[in-house]
Amino acid sequence: MELQLWIGTYTQDIVFGTGQILHGRGDGIYHVTFDTVTHEYRNIVANKNIVNPSYVVQSDDGEYLFAVNETKVYNEMASGYVSSFKINKETKELTWISSQPTYGTDPCHLSINSKRTHLFVANFMSGSIAMYKVDPQGKLSNATCSIQHEGFSINLNRQKGPHAHAVILSADERFLFVPDLGIDAIVVYEIDYEHDTLVLREDLKLESKAGSGPRSITFHKTLPYAYCINELDSTIDVNSYDSESGKLTFIQSYSTLPIDYTGESTCADIRISSCGNYLLGSNRGHDSLVCYKIDTESGLLTTLNFTPTGGKCPRNFFTYDSAILVANQDSDRITIFSLSDGNVEDTGNCIEVPTPVCINNRNN
């Protein structure tokens, strides 16, 4: 089976929350056709002159692509922006449709609902989120709702204020889950589509361990569990999930690193394999993928292995059937792995893309 993959990159220099300056080397948004059987790719197309499209998502109908533009200034205001594009299915070229400010700095993640009527964005540096309407032609409205998080936590270097890191829709698209690295919490909103706004559900907020830095969350498709990866203390939290009420309940936490590892490392992405049996997370510093077996009764994890990603600073990664593609941001390389019976193996294939951050097919 052939998948149409979209790759977001950094195209300009950017200052991260760590103070590190990354020199963006990408040209914009890339497209590649990937064969899930042979694990080979073809036809890299670069859509240029798109500023810091660090996270991209394709609509479920395959007609449109949406991207954050991770900047600190837009039209002379302290803001990043979000853009929409029409996809040419033959050439894989993108035609710009619209851009809107995110009313927060360094937008880092976005989600779109299955009907393609509403878009949600997380602003990392400012710790805020925004909601937009999307018209039938893919044009974005001005933000219909913008919410600023408040608070801080114990890590004086990384948690002086809120840092919303992701906007994750529940399977039924009733709730929006926002892991906030700066305040050590998963903030939950109920989505009011009729009034184009978000309603804070303080009763559903899940406090994380102080200093853990929740970054992203993924929900199991068939089991009542959700898994949150914590950037700062390199852990994954297992939570039970009540889909009716939207409530998360913490169960147990696991390290993403080997017991004997003493170096510095932070987590990035988290995914569940297509078969639903395995959970994977990426470590930056240790530069590895950790793979766990998921217990189908309890949702608890058993650590299976740690696999070097073949590059530095693995950010987002993509899984489909037996294939895993990892964006090694600092090595200008996407490495391709196979997953079989819990074993992660390097195929020896890689895709050369400058400062890759995100790999997306549909709404993964």
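Residues numbered from 1 in each chain as written. Predicted model: local features only at pLDDT ≥ 70, side-chain atom pairs only at ≥ 80, totals over all residues. Heavy atoms only, no water.

Caption draft 1: Up close: the sheet that holds strand β26 (residues 301-308). Taken together, four strands build an open sheet; the order of strands is β23-β24-β25-β26 and the sheet is antiparallel. Edge positions in the sheet fall to β23 (266-272) and β26, since each of these pairs with one other strand and no more. Direction aside, neighbouring strands of the sheet carry axes that sit 20 degrees apart on average. Bridging between strand β24 (residues 278-284) and strand β25 (residues 288-294) involves six bridges; their strand directions are antiparallel. Note on β25: the bridge partner recorded for G281 is V290. (Pairing = 2+ DSSP bridges. Helix = DSSP H or I, 4+ residues; strand = E, 2+ residues; numbered from the N terminus. Axes fitted to C-alpha atoms, helices over the stretch in contact; angles between N-to-C directions.)

Caption draft 2: Expanded view of the nonpolar core. Counting residues in each nonpolar core, the largest one holds 24 residues, and the members touching the most others are I29, F66, L94, L110 and L119. Elements with a minimum of two residues in this core: β6 (56-58), β7 (64-69), β8 (81-87), β10 (107-112), β11 (118-123) and β12 (128-133). A per-element tally of this core places β7 first, with five residues. Contacts of L110, omitting those with residues within four sequence positions, involve Y55, V56, V57, F66, A67, V68, V82, L119, F120, V121 and V167. Of all hydrophobic cores here, the second largest spans 21 residues; its members include F124, V167, V178 and L198. (Core = buried A, V, L, I, M, F, W, Y, C linked by side-chain atoms within 4.5 Å. Buried < 20%, exposed > 50% of the residue type's maximum accessible area, 1.4 Å probe, protein only. Contact = heavy atoms within 4.5 Å.)

Caption draft 3: Here's a closer look at the pattern of salt bridges. Following the criterion strictly, the structure yields 16 salt bridges and no others. D332 serves as the salt-bridge partner of R25, at 2.8 Å between the closest nitrogen and oxygen. You can see R25 sitting in the loop between β3 (21-22) and β4 (28-35) and its partner D332 sitting in the loop between β28 (323-328) and β29 (333-340), a full 307 residues away along the chain. Judged by relative accessible area, which is 37%, R25 ranks as partly exposed. With a shortest N-O distance of 2.6 Å, E231 and R215 are connected by a salt bridge. Note that E231 is positioned in the loop between β20 (225-230) and β21 (235-242) and R215 in strand β19 (residues 214-219), a separation of 16 residues in sequence. Each member of the pair, E231 as well as R215, is classed as buried. The structure contains a network of salt bridges with shared partners spanning R158, R215, E231 and R284. (Salt bridge = Lys/Arg side-chain N within 4 Å of Asp/Glu carboxyl O.)

Caption draft 4: Representation of unusual backbone geometry within the structure. Even without being glycine, Y103 reaches a positive phi, approximately 55 degrees. As for its placement among the helices and strands, Y103 is situated in the loop between β9 (94-101) and β10. Under the relative-accessibility criterion, Y103 is labelled partly exposed at 36%.

Caption draft 5: View of the pairing of β11. Extensive coverage of β11 is indicated by the burial of six of its six residues. Here β11 shows no split at all, with H118, F120 and A122 on one side and L119, V121 and N123 on the other all buried. Bridging between β10 and β11 involves five bridges; their strand directions are antiparallel. In the sheet register, H109 faces β11, and the bridge partner there is A122. Here β10 folds back onto β11, and the loop between the two strands holds five residues, one of which, R116, carries a positive phi near 60 degrees. Note that β11 and β12 share six bridges and pair antiparallel. Considered in β12, the bridge of V121 is made with A130.

Caption draft 6: Here's a closer look at the sheet that holds strand β13 (residues 145-148). Read across the open sheet, the four strands follow the order β10-β11-β12-β13; overall the sheet is antiparallel. Looking along the sheet, the strands with just one partner apiece sit at the ends: β10 and β13. Along the sheet, successive strands turn relative to each other by an average axial angle of 15 degrees, direction set aside. Pairing of β12 with β13, which is carried by four bridges, proceeds in the antiparallel orientation. Pairing of M131 across the sheet is with C145, part of β13.

Caption draft 7: Structural context of the environment of I21. By the secondary structure assignment, I21 is in strand β3. Judged by relative accessible area, I21 falls into the partly exposed class, the value being 48%.

Caption draft 8: Structural context of the packing of aromatic side chains. This structure, assessed with the given rule, holds seven aromatic pairs. The interplanar angle of 65 degrees and the centroid separation of 4.7 Å between the aromatic rings of F219 and Y241 together place this pair among those described as edge-to-face. With F219 in strand β19 and Y241 in strand β21, the pair connects residues that are 22 residues apart, well separated along the chain. Y241 gets classed as buried once you look at its relative accessible area, which sits at 13%. (Phe/Tyr/Trp six-rings, centres within 6.5 Å; stacked < 30°, edge-to-face > 60°.)

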